[in-house]
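Here's the letter readout for the chains.
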Amino acid sequence: MAHTLPTRSQVDPANTWAITDLYPSDQAWREACENVRGLVRDLAAYRGRLGESAATLLAFLRLQDEIDLQGDRMISYAFRKSDEDTRNPVYQEMSAQAQNFLVELSQALSFQTPELLAIEDATLESFYEQEPALAHYRLMLKRIRSRKDHTLSPDCEALLASAERMGQAPDDIFSLLNDADMTYPDATDSKGETHPVTHGNYVALLQSADRTLRQSAFQSLYSVYGQFRNTCAAILGAQMKQLQFFADARRYPSALHAALAETEVDPQIYHNLIQTVHDNLDAMHRYVRLRKKLLGVDKLHYYDLYTPIVADEDASIPFEQAKDMAREALKPLGEDYLKILNEGFDNRWIDVYENQGKRSGAYSAGVYGVHPYVLLNYTDTLDDVFTLVHEMGHALHSYLSNHTQSVTYAGYKIFVAEVASTCNEALLMQHLLSKTTEPKCRAYLINHFLEQFRGTLYRQTMFAEFELWCSEQTRKGQPLTAESLNEKYAELNRLYYGEDIEPDPEIALEWARIPHFYYNFYVYQYATGFTSAIALSQRILKEGRPAVEDYLRFLSGGCSADPVSLLKGAGVDISSPAPIVDALKLFDTLIGEMEQLMQS
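Because the structure is a prediction, the values reported are computed rather than measured.

(A) Seen up close, the domain arrangement of the protein. Segmenting the protein into domains produces domain 1 (8-151) and domain 2 (166-314 + 413-599). Each of domain 1 and domain 2 has a C-alpha centre, and these two points are 34 Å apart. In this assembly, six residues from domain 1 lie in contact with eight residues from domain 2. A combined buried area of about 610 Å² lies between domain 1 and domain 2, and 33% of that area is made up of carbon and sulfur atoms. The tally of links from domain 1 across to domain 2 stands at one salt bridge. The salt bridge partner of Arg 143 is Glu 264, with a shortest N-O separation of 3.1 Å. The tally of links from domain 1 across to domain 2 stands at seven residue pairs in polar contact (both at pLDDT 80 or more). Among the residues making up the side of domain 1 that touches domain 2, the classes are represented as one nonpolar, two polar and three charged.

Next up, the structure:
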């Protein structure tokens, strides 16, 4: 009998998140929404007055904090309720209201940066003397005022703000083409049966044990991108041109400098990542050779990269057992960490199982003054256990920052967003490996870990290198054509994967389907976050309490310092190649163990 998903009302409340911790009812939310909108309207009274006096500036900044505090809770309730059942029109409307609120807030604060930049340094220093409470905002104001050299006149700023809407066009067009307009021929398996090919199931098809199906799905997908290659090149070219336009307008040396300025990251970190991975490509080539050998194929193709080289462990892991596994794996983080973890487990921070209309995937959303909310769609697999510890890593990062920092400095930068979650995954992996000597089980776990390295460290760095090349071509005035993009992308694949994989012509088109190339130099952070997490987990396991204390300070730091400095405080200097080198050494060691296990 087919399994029927329950409706939201049929789900046991014990397995749902405690949404009433935000508001007791929808009506209470509506009242709160009106109240915070009133606060946004109050911002207008400060337009043209931020440099008037210390008292006026302090009052404005405190009002902004209060709006952030109340707005965070209001937005979270609307989004969480919408995600419980995306078909529910009541919560669709509330979610739309929350989105509108963000637009209203942005418009209401449009005067903030120009006015803060217009205050003379001596005047601002005198404000700090007159109102000691303003010292709390010194770092925030310093960050805003550091953009002075890249901020234009009010009229030009207004013009750039209007142009931002056009700047979104390449991403919007790509999304419509990629998600709505493109359809793919069915794939055919070795028995002659057909399978639909979609974005949602493409990777699952490539994971199939049926090689005929993998090849057919691969060729099906890229046959369509081949048809639209010139359109895709034009869209990506437009993306790079708009980024270069804004970088030039704001007087940045490059689009990379402009993007990384937002996260307080030195562009040299980006270049170090690429160079260090280049220096350690031998390990990736060794892994490709091992995959070819274990799959028993004469020729390894790109459609063979996702299928498991070790059979899945088919054990069913109920959610209660998953929580026990998480507690055991995260014991090295100490009693204080475990206490908060159990608080989340025992007080319904987590929405556990799928129901009809529930948002797919998984995420964690921190809420200042309440607690984090974690969405899962748990199905009793080992992968789901990894997802649980991953999302609880995010949750405890948010919890500790929110409980340690004021609302002004609680939100951590995106550069470190994946560190805590991936550190938890690494600790779970090390825990599981420490508990088993059975070759098949160890091989399965190591294969899982190796794929994380391949997909997160090597592949995302390759993406980062390609994105930088596209940007540099644009900066030099060179056009991005389908031919030049295909040539560069094929060259990078050959560099990263080596000579033991066939140069399938289809892979040269992969750039055309990657949405992250429209995220403005985002992908490198997956790689730096992963290497930082590996370094932290290794230090925690080797050094114990001192490392844990440093790590917990990092998790509690919010944005009270720049993200690179916060990581240094935890013992990871991501401005140097060392963490990347150490992570890649671990990758190479794991390959060696896998080779030995598969010989036994």
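There's plenty left to go through after this.
(B) Focus on the sheet that holds strand E3 (residues 350-351). Pairing is mixed across the open sheet formed by three strands, whose spatial order is E3-E5-E4. In the strand order of this sheet, the two ends are held by E3 and strand E4 (363-365), each with one partner. For E4 and strand E5 (residues 373-375), the ladder comprises three bridges, and the chain directions are antiparallel. Its bridge partner lying in E5, Ala 365 is registered against Tyr 373.

(C) The arrangement of the pattern of salt bridges in detail. Applying the stated criterion across every chain yields a total of 33 salt bridges. Taking the shortest distance from any N to any O, the salt bridge between Arg 8 and Asp 351 comes out at 2.6 Å. Taken together, the residues Arg 8 in the segment before helix H1 (26-42) and Asp 351 in strand E3 connect sequence positions 343 residues apart. Of the two residues examined, Arg 8 and Asp 351, each falls in the buried class. One salt bridge connects Arg 87 with Asp 85, and the closest N-O pair in it is separated by 3.0 Å.

(D) Spatial organisation of the packing of aromatic side chains. Counted under the stated rule, the structure contains 31 aromatic pairs. Ring geometry for Trp 17 versus Tyr 373: centroids 5.9 Å apart, planes at 80°, classification edge-to-face. Here the residue Trp 17 occupies a position in the segment before H1, and Tyr 373 occupies one in strand E5, the gap between them amounting to 356 residues. According to the relative accessible area criterion, Tyr 373 is buried, its value standing at 0%. The structure contains a cluster of three or more aromatic residues connected by ring pairs, namely Tyr 287, Phe 449, Phe 453, Tyr 458, Phe 530 and Phe 587. Sitting over the face of the ring of Tyr 128, Arg 138 holds its NZ or CZ atom 3.9 Å from the ring centroid. Its end group placed over the ring of Tyr 306, Arg 454 keeps NZ or CZ at 4.8 Å from the ring centre.

Criteria and thresholds
- Residues numbered from 1 in each chain as written.
- Predicted model: local features only at pLDDT ≥ 70, side-chain atom pairs only at ≥ 80, totals over all residues.
- Heavy atoms only, no water.
- Domains from an automatic or database assignment.
- Contact = heavy atoms within 4.5 Å.
- Buried area = accessible area lost by both parts, 1.4 Å probe.
- Salt bridge = Lys/Arg side-chain N within 4 Å of Asp/Glu carboxyl O.
- Polar contact = N/O pair within 3.5 Å; in protein donor to acceptor, adjacent residues only side chain to side chain.
- Nonpolar A, V, L, I, M, F, W, Y, C, P; charged D, E, K, R; others polar.
- Pairing = 2+ DSSP bridges.
- Helix = DSSP H or I, 4+ residues; strand = E, 2+ residues; numbered from the N terminus.
- Buried < 20%, exposed > 50% of the residue type's maximum accessible area, 1.4 Å probe, protein only.
- Phe/Tyr/Trp six-rings, centres within 6.5 Å; stacked < 30°, edge-to-face > 60°.
- Lys NZ or Arg CZ within 6 Å of the ring centre and 35° of its normal.

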